[in-house]
Amino acid sequence: MFPARYSSKAHRCIQALKIKQAELAVPQLYTTLHRRTCSSGTAPRITTHYTIHPRDKDPRWEGIEMERFADEADVVIVGGGPAGLSAAIRLKQLANEHEKELRVCLVEKASQIGAHTLSGACLEPSALTELFPDWKERGAPLNTPVTEDVFSILTEKHRIPVPMLPGLPMRNHGNYIVRLGNFVRWLGEQAEELGVELYPGYAASEVLFHEDGSVKGIATNDVGIAKDGSPKDIFERGMELHAKVTLFGEGCHGHLAKQLYKQFNLRENCEPQTYAIGLKELWTIDEKKWRPGRVEHSVGWPLNRNTYGGSFLYHLNEGEPLVALGFVIGLDYSNPYMSPFREFQRWKHHPFVAPTLEGGHRIAYGARALNEGGLQSIPKLTFPGGLLIGCSPGFMNVPKIKGTHTAMKSGMLAAEAIFSKITAENVDSETTGLHVPEYSDSLKSSWVWKELYSVRNIRPSFHNYFGLYGGMIYTGIFYWILRGKEPWTLKHCGLDANQLKPAKDCTPIDYPKPDGKISFDLLSSVALSGTNHEGDQPPHLTLKDDSVPVARNLGIYDGPEQRFCPAGVYEYVPLETGDGMRLQINAQNCVHCKTCDIKDPSQNINWVVPEGGGGPAYNGM
């Protein structure tokens, strides 16, 4: 955690938020995914969270003090990722240049800045260079320039090489292989040096509104609630942070962004977002097989031609023979028997991949969802009192598999758009919370929009009879030759949750057993993510209706949540009476990827924030 350099007001905030940590038992990762709880003859209650069962109707909460401490800032930023930190840094840079006092507060649900950050990652340094032209002198952890590009189409036993011609989106010369968590931690250090107040370990759980409907700020989550939804003796209310403008940079499929979409109808004029799940491992390998700066990508096996996805394998240069490898699968897949985790494990056994890993040692694992909708799926970005930045609205360049540079630039543009309005002596605003539509205008005139426009048709072009191969042909013709200047914009297929076929119409997938050397089981993988949550708290994987999983998901789709979750959170176990099944949610295992919220065919799962500080502890992922 960063050293404290807080104002007196901030000190009061921290005191109001502090939990008596010594009184909280440190939970351990589930040692088995088959722990059973007591069950009555009726369907057991699964969801105890107050977002589903309001506390004002629960007699156990009578007499509990519910007043929240409130504090004021000029700008509040939700999310300590590349976008949020870039916005905070740019705001303080502008304040220093114009000799203005500006209080910027950033809240981050991870226990440390960067602890929930996971990406490949091959970083395009364009936005970083704009933010800090002297980033090399500042010691930014970009240690591995790309020296070699390899792209392959894989069959089950062979590899078809694809030349990386100049201009293709997957060409990476000029980019850097990074451990994005380390890079984000460095950004946090730069932000704090400029005077940004960083509050890691405090999750923003609620959007606050003025009487006129504009955003007032956010509230952090309450702590000290028991698993059954009752207050503990150490219960403490979260606090409120109010601001003239609140920037929401929660990352992919943000919990608060979902509320804002509905509140302000932000998705009225765009297509539904479409997503992928990315799984990643870090390995140390035999030094003889190590090629620092080498970037490898593949498509094809083990996926069929109609399932969007591919792999990456990056050789880092950080003082030891380290490689980052992973697999990305579009969440618009149709077979409910598919397990993205097991597809990833199977891919590692390909004859082109396995030799790199043989004799190596896996040291880390993680997973996260990615926005893949591109330009067509970007919602309205501004509303009274707030803005959306980064991966939350979705600025990822899908064929490049890169979103860090665009996320950073969106945060910088947001900062520049709001700065003059925040610091103006006579603020002219129709609402109490400042509305800054200029942000959208500046974004649309920036290189971010130009870049996303040029690749807008590549992802949806895969929805054709030939699938992967039709999409590659389209990319070759309309992107490489015409640079995306075709006069049409293709559409996506709709919500990923609606793409699953009933289990009766699909063939089960027979996955090989892991060998414990190259491929591994789910539990040993989750253990490497460092995931940890306070065990005695309501599960933050909430269900709108506890009866839906068995009645619909299991009955029609054979329980796909037990396969698409990359952390073993969901499993169906027999009722103690022996006359049926029930869903068990192992919330301690959750790596905060949001895949369940996205892919659930019943759209019955609503991911909400757990107590701040919980979740994965990625070390430079």
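So, here's what we can say about the structure. None of the values given here were measured: they were computed from a predicted structure.

1. What about unusual backbone geometry?
Cis geometry is adopted by the peptide bond preceding Ala121, which originates at Gly120 and carries an omega value of -5°. Topologically, Ala121 is positioned in the loop between β2 (104–108) and β3 (122–123). Even without glycine at this site, Lys594 takes up a positive phi of about 75°. As for its placement among the helices and strands, Lys594 is situated in the loop between β23 (581–585) and α15 (595–599). Its relative accessible area of 7% is what places Lys594 among the buried residues. The backbone phi angle of Gln603 is positive, close to 45°, even though this residue is not glycine. Positionally, Gln603 belongs in the loop between α15 and β24 (605–607).

2. Points about the pattern of salt bridges
One pass over the structure, following the stated rule, counts 29 salt bridges. A salt bridge links Arg68 to Glu240; its shortest N-O distance comes to 3.4 Å. A residue pair is termed long-range when its members are at least 10 positions apart, and Arg68 in the loop between α1 (8–17) and β1 (70–78) and Glu240 in strand β13 (residues 240–248) qualify at 172 residues. Glu240 shares its class with Arg68; the two are buried. Asp222 serves as the salt-bridge partner of Arg237, at 3.0 Å between the closest nitrogen and oxygen. Of this pair, Arg237 sits in the loop between β12 (231–236) and β13 while Asp222 sits in the loop between β10 (215–220) and β11 (223–225), and the two are 15 residues apart along the sequence. Relative accessible area serves as the criterion here: at 6%, Asp222 is assigned to the buried category. Connected through salt bridges with shared partners, the residues Arg55, Asp222 and Arg237 form a single ionic network.

3. Observations regarding the packing of helix α2 (residues 82–97) against helix α4 (residues 180–193)
Relative placement of two packed helices is described by the angle separating their axes and the distance separating the axes. Look at α2 against α4: their axes get within 9 Å of each other, and the N-to-C directions meet at 20°. When the axes of α2 and α4 are compared, the pair comes out roughly parallel. Remark: the crossing between α2 and α4 carries left-handed chirality. Touching Pro82, Leu85, Ser86 and Ile89 of α2 are Val184, Leu187, Gly188, Gln190 and Ala191, all from α4. Considering only residue class, the contact of α2 with α4 consists of 6 nonpolar, 3 polar and no charged.

4. A closer look at the sheet that holds strand β6 (residues 159–162)
Read across the sheet, 7 strands follow the order β6-β5-β15-β16-β17-β14-β18 without closing on themselves; strand pairing throughout is mixed. Each edge of the sheet is formed by a strand with only one pairing partner; in this case those strands are β6 and β18 (361–371). Averaged over all pairs of adjacent strands, the angle between their axes in this sheet comes to 20°, without regard to strand direction. Where strand β14 (residues 275–284) lies against strand β17 (residues 321–330), 9 bridges are found, and the strand directions are antiparallel. Looking at the pairing, Gly278 lines up with Val328 of β17. Across the sheet, helix α6 (residues 340–347) lies against β5 (148–154), β14, β15 (294–300), β16 (309–317), β17 and β18, angled at about 135° from β17, the strand it touches most.

5. A few points about the pairing of β2
Buried residues dominate β2, accounting for 5 of its 5 residues. Residues of β2 alternate between two faces, with Val104, Leu106 and Glu108 on one and Cys105 and Val107 on the opposite face, all of them buried. Taken together, the 4 bridges between β1 and β2 define a ladder with parallel strand orientation. Of the residues in β2, the one forming a bridge with Ile77 is Leu106. Between the parallel elements β1 and β2, the chain passes through α2 in a crossover that is right-handed.

6. What about the pairing of β14?
The buried fraction of β14 is high, at 10 of 10 residues. Where burial is concerned, the two faces of β14 agree: the one with Tyr275, Ile277, Leu279, Glu281 and Trp283 and the one with Ala276, Gly278, Lys280, Leu282 and Thr284 are both buried. Two elements, β14 and β18, share 10 bridges in a ladder whose sense is antiparallel. Counted as the bridge partner of Tyr275 is Asn371 from β18.

7. Digging into the nonpolar core
Counting 80 residues, the largest nonpolar core has Leu247, Phe248 and Tyr439 as the members making the most contacts within it. Per-element accounting of this core gives the leading share, 10 residues, to helix α8 (residues 404–423). Listed in part, the 69 residues of the second largest apolar core include Val146, Leu331, Leu583 and Ile585.

8. Let's talk about α4
Spanning 14 residues, α4 covers 20 Å between terminal C-alpha atoms, matching the ideal 20 Å at 1.5 Å per step. The element α4 is extensively covered by neighbouring structure, given that 10 of its 14 residues are classed as buried. Where α4 is concerned, the buried positions are Leu180, Gly181, Phe183, Val184, Trp186, Leu187, Gly188, Gln190, Ala191 and Glu192. Against α2, β3, α3 (126–131), β8 (197–200) and α8 lie the buried residues of α4.

The rules behind these values
- Per chain, residues are indexed from 1 in the order of the written sequence.
- In keeping with the predicted nature of the model, local features appear solely for residues at pLDDT of at least 70, side-chain atom pairs appear and are counted solely at 80 or more, and the whole-chain, interface and lining totals rest on all residues.
- With hydrogens and water set aside, each side-chain value is computed from the structure's full complement of heavy atoms.
- Each helix is a run of DSSP H or I of at least 4 residues and each strand a run of E of at least 2, with the numbering of both proceeding from the N terminus.
- Per-residue accessibility, obtained with a 1.4 Å probe over protein chains only, is compared with the maximum for each type, and a residue is labelled buried under 20%, exposed over 50%, and partly exposed between these values.
- Any carboxyl oxygen of Asp or Glu that lies within 4 Å of a side-chain nitrogen of Lys or Arg is treated as forming a salt bridge with it.
- Axis lines are fitted to C-alpha atoms, over the contacting stretch for helices. Their N-to-C directions set the angle, which ranges from 0 to 180 degrees.
- Roughly parallel here means an angle under 35 degrees, roughly antiparallel means over 145, roughly perpendicular means 65 to 115, and every remaining angle is called oblique.
- Handedness of a crossing is defined here by the sense of rotation of the near helix relative to the far one, left-handed for an anticlockwise turn of less than a right angle and right-handed for a clockwise turn.
- Any two residues whose heavy atoms approach within 4.5 Å are treated as being in contact.
- In this classification, the charged set is Asp, Glu, Lys and Arg, the nonpolar set is Ala, Val, Leu, Ile, Met, Phe, Trp, Tyr, Cys and Pro, and all remaining amino acids, among them Gly, are polar.
- Pairing between strands is defined by DSSP: at least two bridges between the two strands are required.
- Whether a crossover is right-handed comes down to one check: with the strands pointing away from the viewer, does the path from the first strand over the helix to the second run clockwise; if it does, it is right-handed.
- To form a nonpolar core, buried Ala, Val, Leu, Ile, Met, Phe, Trp, Tyr and Cys residues must be joined to one another through side-chain atoms within 4.5 Å.
- A helix is expected to span 1.5 Å multiplied by its residue count minus one.

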